[in-house]
Amino acid sequence: MFLRRTERRKNGKTHSYWNIVENKRLDDGRVVQRHVLYLGEINSSQAAVWRKAIAVFDEDAGRSRTLALFPEDRCEVAAGDACVVQLRLSEMRLERPRQWGTCWLAGQLWQELELDRFWADRLPPSRKRTRWDQVLQVLASYRLIAPGSEWRLHRQWFGNSAMADLLGADFGLAEEHKLYACHDLLLQHKDALFSHLVGRWRDLFNANFDVLLYDLTSTYFEVNASDLPEGSKRRHGYSRDKRSDCPQVVIALVVTPDGLPLAYEVLPGNTADSKTLRMFLGKIERQYGKARRVWVMDRGVPTEAVLAEMRNSDPPVQYLVGTPKGRLNRLEKHLLEKPWQDAREGVKVKLLAEDGELYVFAQSYDRVTKERAMRRRQLKWLWKRLRQIAAMEIAREELLMKLGAARSRAPAAWRLLDIEIDKERPSFTFALNRKKLRTTRRREGRYLLRTNLTDNDPAQLWQYYIQLVAVEEAFRNLKGDLAIRPVFHKDEKRIEAHIFIAFLAYCMQITLTRRLHALAPGLTARSALEKFAAVQMIDVHLPTTDGREILLTRYTHPEPELQLLIDRLKLRLPPQPPPRITTAAVTKADRRSEDLLT
């Protein structure tokens, strides 16, 4: 194996991307390269570390040991030794293949966050000796590895996994009623979990909480709102999933710029974004005390009243918030007089101080290029589609429906056109509004930010704001990779507990992500889980000549690329479970003889 570099030019800059590849010799003698691991853009020191790790790994991999197996017909010398067990290799069986690698990795993450100790203290065994902490670990690991319903966990996933082997338990952890009952024990420990995680983030990643990113999302339920009980949090509201026809709940989340979660809250689905910030400010202050924190938010989250409270508090609560482009109309005349300043490569800013606040008008060259290409592509499609509709001979009602469909597909481009529909005939005219186009071009890739950090470097302010992608990434992982929905629970508390378990799975995922990021930014948690999924556990049954059977429970040896990743993560595989031997088997003839004697 070796490192291979590929270069790509983007926006006039050369970017180097790194992969670990290995040579494979084919039957016809040719040698091809197999992609093993994508590392992304890494610096020279990281590349040197990877080269050293590969060299050391190859040296170790070259050492091997050959074991000899002797079947029963070749052991005449040892036949009289009572300590020797002769095997019938021709009757060897391999049974119960099950997933081991990802379950073991999830357990390592669980222990690294010290969630085993945290939950052991708070979820003691029941009178029937049910280990609720282990049931919760199964639920969280399932959400991380192969998210689905609790019924699927009970019927299929647990039996196909090695969770029972790893936890030293049995199928009792996946009994259906226990999986649901565990949900009822969790929510009372939510605040304690938040405090525990903050300590672990500090210990593991030296995290600081000077900058907090705050945003909201929603998740919907495919039920009728009229069937829901009075006071339910599932209500109609603004849907980020474009499912305004379904009731939903709102999830508010606070994370660090590295994506490490600090707290979350489940709110009624009809809660306006602007009514949540005051509550969260108080929650963080009560739990973690007053401190110098910078809150970074998108436009629409804070109200003028809340921002005034943040400025006037003692000490002042600092903020950086995106500003609606409508405010830009009022400030545009003053901003035109200000000079551009270079914040960093490809980003320019203008600064305007007003009423104790600082307005930062930022322009990103990359965003200009991206938004301009999106607008051109959308406008080109809409123009072509309108010409097609105009050439159709259809009724007025059908014409209006087709125009509505085109508008919903390209709303930004639609605003740049002047469209007039004939009131009597099924026809229309359209033309490009060049004044609107010039205004749009002037504002593409530009952002108006608002802050009370008047003494900070503009480059630092821009860096704070673009870190909002961390909380957006957290929402994408919760909805996509961890599949927070569909939610099959009907009870309100269990719905919130379901979200709580998804939050635990996200904590495990972001822990793995941060550890991988230290090795190479191209490594993702999902790619690592897919690598570990190749390691299976099987039961090897070896019959003996005296009617007994040796049972070897073994996990398969990792492939070279996975072993390299395990070594770089500084993980250590556990020893293989010890073999077991059964007592002498009783044949059917023996049983019949015993029955006759009795």
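Residues numbered from 1 in each chain as written. Predicted model: local features only at pLDDT ≥ 70, side-chain atom pairs only at ≥ 80, totals over all residues. Heavy atoms only, no water.

## Concerning the overall build of the protein chain
Stated formally: Each helix is a run of H or I in the DSSP string that is no shorter than four residues. Each strand is a run of E no shorter than two, and both are numbered from the N terminus. Throughout, a residue-residue contact means that at least one pair of heavy atoms, one from each residue, lies within 4.5 Å. Accessible areas in this description were obtained via Shrake-Rupley with a 1.4 Å probe; residue shielding takes into account the shown protein chains only. In this charge count, Lys and Arg are treated as positive and Asp and Glu as negative; neither His nor the chain ends contribute. A charge is said to be at NZ when it belongs to Lys, at CZ for Arg, at CG for Asp and at CD for Glu.
Regarding its fold elements, the protein chain presents 21 helices and 18 strands. Counting only C-alpha atoms and orienting by the principal axes, one finds that the protein chain spans roughly 100 × 65 × 65 Å. Look at the contacts in the protein chain between residues 6 or more apart in sequence, and 65% of them connect residues 24 or more apart. When the accessible surface of the protein chain is totalled, it reaches about 32900 Å², and 49% of it is carbon and sulfur. Averaged over its 100 positive side-chain charges, the protein chain has a centre that lies 7 Å from the centre of its 77 negative ones.

## Points about the sheet that holds strand S6 (residues 248-255)
Worth spelling out the cut-off: When DSSP finds two or more bridges between two strands, those strands count as paired. Whenever a helix is involved, its axis is fitted only over the stretch in contact; in every case the axis is a line through C-alpha atoms, and angles between N-to-C directions fall within 0 to 180 degrees.
Spatially, S7-S6-S5-S8-S9-S15-S12-S11-S10 is the arrangement adopted by the 9 strands of the open sheet, whose pairing is mixed. Since the sheet does not close on itself, it has two edges, and those belong to strand S7 (261-268) and strand S10 (341-344), each with one partner. Averaged over neighbouring strand pairs, the angle between their axes works out to 25 degrees when direction is ignored. Most of the contacts of helix H9 (residues 277-288) go to S7, to which it runs at about 140 degrees, and overall it touches strand S5 (211-220), S6, S7 and strand S8 (294-297).

## Observations concerning the packing of aromatic side chains
Aromatic rings in a pair are described by how distant their centres are and how their planes are angled relative to each other. The test is simple: Only the six-membered ring of Trp is used, alongside the rings of Phe and Tyr, when aromatic pairs are assigned; centres must lie within 6.5 Å, and planes under 30 degrees apart are stacked while those over 60 apart are edge-to-face, with the rest tilted. Relative accessibility under 20% of the residue-type maximum defines a buried residue, over 50% an exposed one, and the middle range a partly exposed one, all with a 1.4 Å probe and only protein chains included.
As enumerated under the stated definition, the model contains 18 aromatic pairs in all. Ring centres of Trp201 and Phe205 lie 6.4 Å apart, and the angle between their planes is 25 degrees; on these two criteria the pair is classed as stacked. Of this pair, Trp201 and Phe205 are both found in helix H8 (residues 190-205), 4 residues apart, which corresponds to roughly one turn of the helix. Classification of Trp201 by relative accessible area gives buried; the value is 0%. An angle of 80 degrees between the planes, with centres 4.8 Å apart, marks the rings of Trp383 and Phe430 as edge-to-face. In this pair, Trp383 sits in helix H12 (residues 365-390) while Phe430 sits in strand S14 (residues 428-432), placing the two residues 47 residues apart along the sequence. Given the relative accessible area of 18%, Phe430 is considered buried. Linked through ring pairs, Trp100, Trp104, Phe532 and Tyr555 together constitute an aromatic cluster.

## With respect to the side chain of Thr451
Here is the rule: Polar contact is defined as a pair of N or O atoms within 3.5 Å, subject to the rule that within protein one atom must be able to donate a hydrogen and the other to accept it, and that residues adjacent in sequence are counted only when both atoms are side-chain atoms.
Counting through the fold element by element, Thr451 comes out in strand S15 (residues 446-451). Polar contacts involving the side chain of Thr451 include one to the main-chain carbonyl oxygen of Tyr319, which spans 2.6 Å. A distance of 2.9 Å separates a polar atom in the side chain of Thr451 from the backbone nitrogen of Leu453. In this view, Thr451 contacts Tyr319, Leu320, Glu357, Leu358 and Leu461; residues no more than four positions away in its chain are not counted.

## Considering the environment of Leu166
Secondary-structure assignment places Leu166 in helix H6 (residues 163-167). Separated by 66 residues in sequence, Leu166 and Trp100 have C-alpha atoms that sit 8.4 Å apart. The contacts of Leu166, once residues within four sequence positions are left out, are Trp100, Cys103 and Trp104.

## What to know about the confidence of the model for the protein chain
What counts here: Values of pLDDT, the confidence the predictor places in each residue, fall between 0 and 100.
For the protein chain, per-residue confidence averages 86 on the pLDDT scale, and residues scoring 70 or more make up 92% of the total. Within the protein chain, the lowest mean pLDDT, 40, falls on helix H21 (residues 588-597), and the highest, 97, falls on helix H2 (residues 101-112). Per-residue pLDDT stays below 50 along residues 585-598; that stretch engages in 2 contacts with residues further than four places along the chain or on separate chains.

## Focus on the pairing of S10
Judged from the 3 bridges that link them, S10 and strand S11 (residues 347-354) form a sheet pairing that is antiparallel. Note that in S11 the partner of Gln341 across the bridge is Val349. Counting the residues between successive antiparallel strands, the hairpin from S10 to S11 contains 2 residues, one of them, Gly346, with a positive phi of roughly 85 degrees.

## Observations concerning unusual backbone geometry
Residues other than glycine predominantly adopt negative phi, and peptide bonds predominantly adopt the trans conformation. Residues Arg485 and Pro486 are joined by a peptide bond in cis, for which omega reads 10 degrees. By secondary structure assignment, the location of Pro486 is in the loop between helix H17 (469-481) and helix H18 (492-519). The backbone phi angle of Glu114 is positive, close to 60 degrees, even though this residue is not glycine. By the element assignment, Glu114 lies in the loop between H2 and helix H3 (115-122). A relative accessible area of 23% places Glu114 in the partly exposed class. Despite not being glycine, Asn206 shows a phi value in the positive range, around 55 degrees.

## Quick look at the side chain of Lys350
Relative to the helices and strands, Lys350 is located in strand S11. At 3.3 Å, the side chain of Lys350 forms a polar contact with the backbone oxygen of Lys338.

## Describing the environment of Gln108
Note on placement: Gln108 falls in helix H2. For Gln108, a relative accessible area of 23% translates into the label partly exposed.

## Digging into the nonpolar core
In plain terms, the rule: In these notes, a set of buried Ala, Val, Leu, Ile, Met, Phe, Trp, Tyr and Cys residues joined through side-chain atoms within 4.5 Å is what counts as a nonpolar core.
Ile20, Leu39, Trp50, Trp119, Tyr214, Trp295 and Met310 are the most contacted members of the largest nonpolar core, which has 141 residues in total. A total of 15 residues in this core trace back to one element, the largest contributor, which is H18. If sequence neighbours within four positions are ignored, Ile20 has contacts with Met1, Phe2, Leu3, Arg34, His35, Val36, Leu37, Leu39, Trp50, Ile54 and Leu564. Ranked by size, the runner-up nonpolar core spans 14 residues in total, among them Leu399, Leu403, Trp414 and Phe430.

## Quick notes on the sheet that holds strand S2 (residues 13-25)
Strand order in the open sheet made by the 3 strands is S1-S2-S3, with antiparallel pairing throughout. A strand with exactly one partner marks an edge of an open sheet, and here the two such strands are strand S1 (2-10) and strand S3 (31-40). On average, adjacent strands in this sheet sit at an angle of 40 degrees to one another, irrespective of strand direction. Bridging between S2 and S3 involves 8 bridges; their strand directions are antiparallel. Paired with Lys24 across the bridge in S3 is Val32.

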